[in-house]
Structure formats: C-alpha cells, structure tokens
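The chain contents come next:
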Amino acid sequence: MEKVIDESVQGNTLTLESNQGNTRKLYIESYGCQMNFSDSEIVASILSKQGFNTTNVLEEADLVLVNTCSIREKAETTVRKRLEKFNAVKKTKPHMKVGVLGCMAERLKDKLLEEEKIVDMVVGPDAYKDLPNLIQEIDEGRNAVNVILSKDETYGDVAPVRLNSNGVTAFVSITRGCDNMCTFCVVPFTRGRERSRDPLSIVAEVNDLWKKGFKEVTLLGQNVDSYLWYGGGLKKEFEKASEIQKATAVNFAGLLEMVALAQPKMRIRFSTSNPQDMTLDVIKTMAKHDNICNYIHLPVQSGSNRILKAMNRLHTREEYFDLIANIRRILPDCAISQDMISGFPTETEEDHKDTLSLMEYVKYDFGFMFAYSERPGTLAARKLKDDIPEETKKRRLREIIDLQQKHGLYRTQQHLGKIEEVLIEGSSKKSEVHWMGRNSQNTVVVFPKENYHVGDFVNVKINECTSATLIGEAIGYTANN
Ligand code: SAM
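Residues numbered from 1 in each chain as written. Predicted model: local features only at pLDDT ≥ 70, side-chain atom pairs only at ≥ 80, totals over all residues. Heavy atoms only, no water.

Undergrad: What is the right way to read the nonpolar core from this model?
TA: Burial of nonpolar side chains together is a common tendency in soluble globular proteins. Formed by 50 residues in total, the largest nonpolar core has its most connected members in Leu219, Phe252 and Phe270. Beyond its immediate stretch of four places on either side in the chain, phenylalanine 252 contacts Ile174, Leu219, Val224, Asp225, Tyr227, Phe270 and Val282. In this structure, Val64, Val89, Met96 and Ala105 belong to the second largest nonpolar core, which totals 24 residues. (Core = buried A, V, L, I, M, F, W, Y, C linked by side-chain atoms within 4.5 Å. Buried < 20%, exposed > 50% of the residue type's maximum accessible area, 1.4 Å probe, protein only. Contact = heavy atoms within 4.5 Å.)

Undergrad: How do you make sense of the environment of cysteine 69 when you look at a structure like this?
TA: As for its position among the elements, cysteine 69 is in the loop between strand S4 (63–68) and helix H2 (73–92). Among all residues touching cysteine 69, those that are not within four sequence positions of it are Tyr31, Gly32, Asn36, Ala75, Glu76, Cys103 and Met104. (Helix = DSSP H or I, 4+ residues; strand = E, 2+ residues; numbered from the N terminus.)

Undergrad: I would appreciate a short explanation of the packing of helix H11 (residues 317–330) against helix H12 (residues 349–362) in the present structure.
TA: In a pair of packed helices, the angle between the axes and the distance between the axes together describe the arrangement. Remark: H11 packs on H12, axes separated minimally by 11 Å, with the N-to-C direction vectors making an angle of 15°. As the angle between them shows, H11 and H12 are arranged roughly parallel. In the packing of H11 onto H12, the handedness of the crossing is right-handed. Two secondary-structure elements touch here, H11 through Arg317, Tyr320, Phe321, Ile324 and Arg328 and H12 through Asp354, Ser357, Leu358, Tyr361 and Val362. Looking at the contact of H11 with H12 residue by residue, the class counts come to six nonpolar, one polar and three charged. (Axes fitted to C-alpha atoms, helices over the stretch in contact; angles between N-to-C directions. Parallel < 35°, antiparallel > 145°, perpendicular 65-115°, else oblique. Left-handed = near helix turned anticlockwise from the far one by under 90°. Nonpolar A, V, L, I, M, F, W, Y, C, P; charged D, E, K, R; others polar.)

Undergrad: Explanation requested: the site of the ligand in the structure shown.
TA: Around the ligand sit 16 residues, and of these Phe184, Gln222, Gln301, Asp339 and Ser373 come closest. Contact between the ligand and serine 373: a nitrogen atom at 2.8 Å from a main-chain N or O atom of the residue. Of all the secondary-structure elements, those providing two or more residues to the shell around the ligand are strand S16 (335–342) and strand S17 (366–371). Residues of the shell around the ligand, tallied by class, amount to eight nonpolar, four polar and four charged. (Near = heavy atom within 4 Å. Polar contact = N/O pair within 3.5 Å; in protein donor to acceptor, adjacent residues only side chain to side chain.)

Undergrad: What should I look at first to understand the sheet that holds strand S11 (residues 216–220) in this one?
TA: Within a beta sheet, neighbouring strands are joined by backbone hydrogen bonds and run either parallel or antiparallel to one another. Taking strand neighbours across the sheet as the criterion, the three strands line up as S8-S11-S14 in an open arrangement whose pairing is parallel. Every other strand in the sheet has two partners, leaving strand S8 (169–173) and strand S14 (267–271) as the edge strands with one partner each. The average angle at which neighbouring strand axes cross in this sheet is 25°, direction not considered. With five bridges connecting them, S8 and S11 associate as parallel partners. Residue pairing for S11: threonine 169 is matched across the bridge by glutamate 216. Strand contacts of helix H8 (residues 252–262): S11 and S14, with the helix running at about 155° to S14, the strand carrying the most contacts. (Pairing = 2+ DSSP bridges.)

See below:
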C-alpha cells in the first residue's frame, strides 16, 4: 500500500554508495511525505559533490541533517525529540554539526538556532543549492540559515542520488509547493507557491532511470493535476505569460502522455491528485496508455459540503461523485484511495455521517486517515477554534478506519481468482521465501519466489486476500519483460 505518510519509513536514514574521494560523513534522516524523501535524494546528490559520503552510524557523522515535516503536530514532536538526541551526541563529538532541512525550517528557525541553540544550520526546501555556502559558514563557526522560498526552483538540473533504493521503483518530482490554500494545511507556507518542472528534464530523468534498470516511476507533487509548464515560473503567474508560452504550455495530461510514450515498458504512477484539478483528459490519457497504472490517490478530507467549504476544498460532494463516476466509466478497473481528516473545527455528528456515507458510496481501496491537528499560521488556526474534543476526533477517526478496513477487504476480494501483472519489488516483510510486488492498482501482492527475480513482471493468480494484501502464485512472465 502506497502511503502518503508511511509510518514504517519515518526517520529512515538514507545511505548511498560512497564516492572514494570524499572524506566527510553525512547522516541524513527523513520524515513526512514522499516529497521529503525525494528531496533528501537531491540533498545527498548536492553534498556528494561537496566531499560527503553518507553513513547510517550517527556517532561517526561530521554532519547530521534532519529533513523535517510540519503537517501534523505529532510529526514536529518526533523531530524535536530526535534533535535533543543529536544534541546529546554532539556534546561528546564537538566536530559534529547538526542541520534542520525542510518544512520545519521557516517556522522554527529562530527558536532552534537562537533560543534553544540545538542546531547549527536551518535550510528551507528551496535552498538546498545553497548548502555548500551554508556548510562553509558553519565550518567557520557561524550559524547558517537560508529559508527563502523560490519562484522557480524545481531542482530540475540536479540528478537525485537514489538512496536505499530497491532498484525497481523510483519517485520523480514534477511540481513543488502548492497554491490550494486548504485551510487546515501548512504546505503552502512551508514549501511555497506552486511551480512546475521542465517536462524535458522529467522525461530525461525517467529515461535515465530506465537505463539504470528501474521499472516504475511515481510522478510526485502536492497536486500533480495542477502541473503546468510554460517555460518556468509560478503557476499563478501563467496569466501573464506570452501568447506563444500559452500556446505551447504542457499540462498534466500532456506530461503523462510524454512520459508514457518515452518509456512504454515502464510503469507510470502519480500522486497526489486534488479532485478540483483532475480533468477528464487525465483519465482518458490513463485509459489510452497501458503502462499508466490504474490507480488514483484522490484525497477528499470530508464528505460534508459544509466542512469541504470550511476547508476551502474547491468542490462539493456531488462534484466529487461525478468525478468518481467518470473514473469508473472510463477506467472500470481503477483503484481509488483517499485521505480523510476527522474532527475539523465545527464538525458535527451529521457532518461525520456524511463522511461515512461518502466512503460507503466510493468504497475506497485504501485510505490514509488522520485526526485534525491545528497548524499555526493556517487559515483554520487563525479563524476557527479547534473545538472538537480529542476523544470525539479519535472516536470518529476509529469509525472511519474501521469502515475503510471493511471496504479494503471488499476491494481485495474482487481480485480473487484473477490473473494480474505484478512487478516484483523485493522479499515479503513477513517471509523470506515470498516475493512482494504490486499490481497495477497498487495493491500489495505476495507469492512464492520460485525462480523469479526482483524487477520481473510476473503474472500472478490471486488465491487469497486480507483487507490490504493479495496472496497468490506466479504462473509465468508477462509480455512486459
Ligand atoms: N496535497 C495533498 C492534498 O491536498 O490532497 C496532500 C497533502 S498532505 C502532505 C497529506 C495529507 O495530510 C492531507 O491530504 C490531509 O489528509 C493530511 N493533513 C494535512 N494537514 C492536516 C492537518 N492539519 N491535520 C490533520 N491532517 C492533515
């Protein structure tokens, strides 16, 4: 199951092959969404040219970096605890420097650098190319900070180093920032305004991954359907673009097609789709190309029109149902997953029931569900009292998760008896004698290894299921190998 926030990888240290000329050691830990993990690969790439090899042994590091997440309070609390730990280690290793990267940078720079003095360097998500200068500053004994958000930085010219990779699946960033201004969400403040990356650099990265043996890419962005390349710059400034720029602009459907055609044997996924921006063209492009997977992550957050409005989600429940109907009509086999928030300010039992009934209508394949966490600086924090008691938020969340599990099982049962193409990613977490891979719908499939290998496309007959996993047996290679 692909997760927006994958709890099992939170805090993963990332290591890559060492470059022989490098003499210093970098320890980098990442938290939050896939975009953050993808950013750590950019940071490692920049620092490998500055004399740093990565290590997963904290005590031997010259530089410790934490790529942080601010999306919920819990994520920030976890990072704070790690910083305390690093600070304790640093007391015994005076040469060690500690830096904070990513979403917590802007909001907490003064607190971390000046008040608490537990870090040497704070770097925002658009300032990674400045790392060589910032590291020189800290080497010379000064604190260093750069949290400036950019209008055009997309790191399109930095070839990310794939860290702890399975060599089969990779993430490719296509947009940065977000313009949606959902009232609960801190992303527009921490990662800046939305900008898209040059499609030619995206295709070049995908081609390079294919050459290196990768078989699947996930195009990443906070709101991929809003992708718009017109020569660079902020999405909101598209209006000011020249006629020629407008006429030659590439939207998300266009980009998807370019990537699908560039590597017809490579699986293409994307995440995340905001319902208000997903077009029929995107769904039709998915239908047109076999290598675009039948899976859409389509967060809705609430089933109540009143709450959707208060969240500034720019669609209604009815419009969402229309979109689901179009997806089901054009892509009958498409899996759909959700993000849901329980206990948004003012949410009544009636609103909560609307969420459950919306879920009952869609019967999502997967879901990522959270209790509302007030984030400083967001519109909701400024305008609305966080008035739903914690136990009510938790109880509603429990009901949402229970219903999702029921629907997950209903969906996995629909695969029983079918033969499905699976891309092998590695050994099953629970058994060394089983492979783990995914079908087009992104459901995890587990089956006996026999003589197959990581990276093979295999036809698997599905015999059993749980609410999140399919269990089967391989019956041969698919034509895709
Ligand atoms: N850009 C995507 C969108 O708008 O649908 C996803 C953004 S976020 C990285 C992933 C998920 O975290 C959101 O879809 C939402 O469900 C959840 N989230 C964001 N802010 C939250 C908050 N303040 N409290 C609880 N959950 C939150």
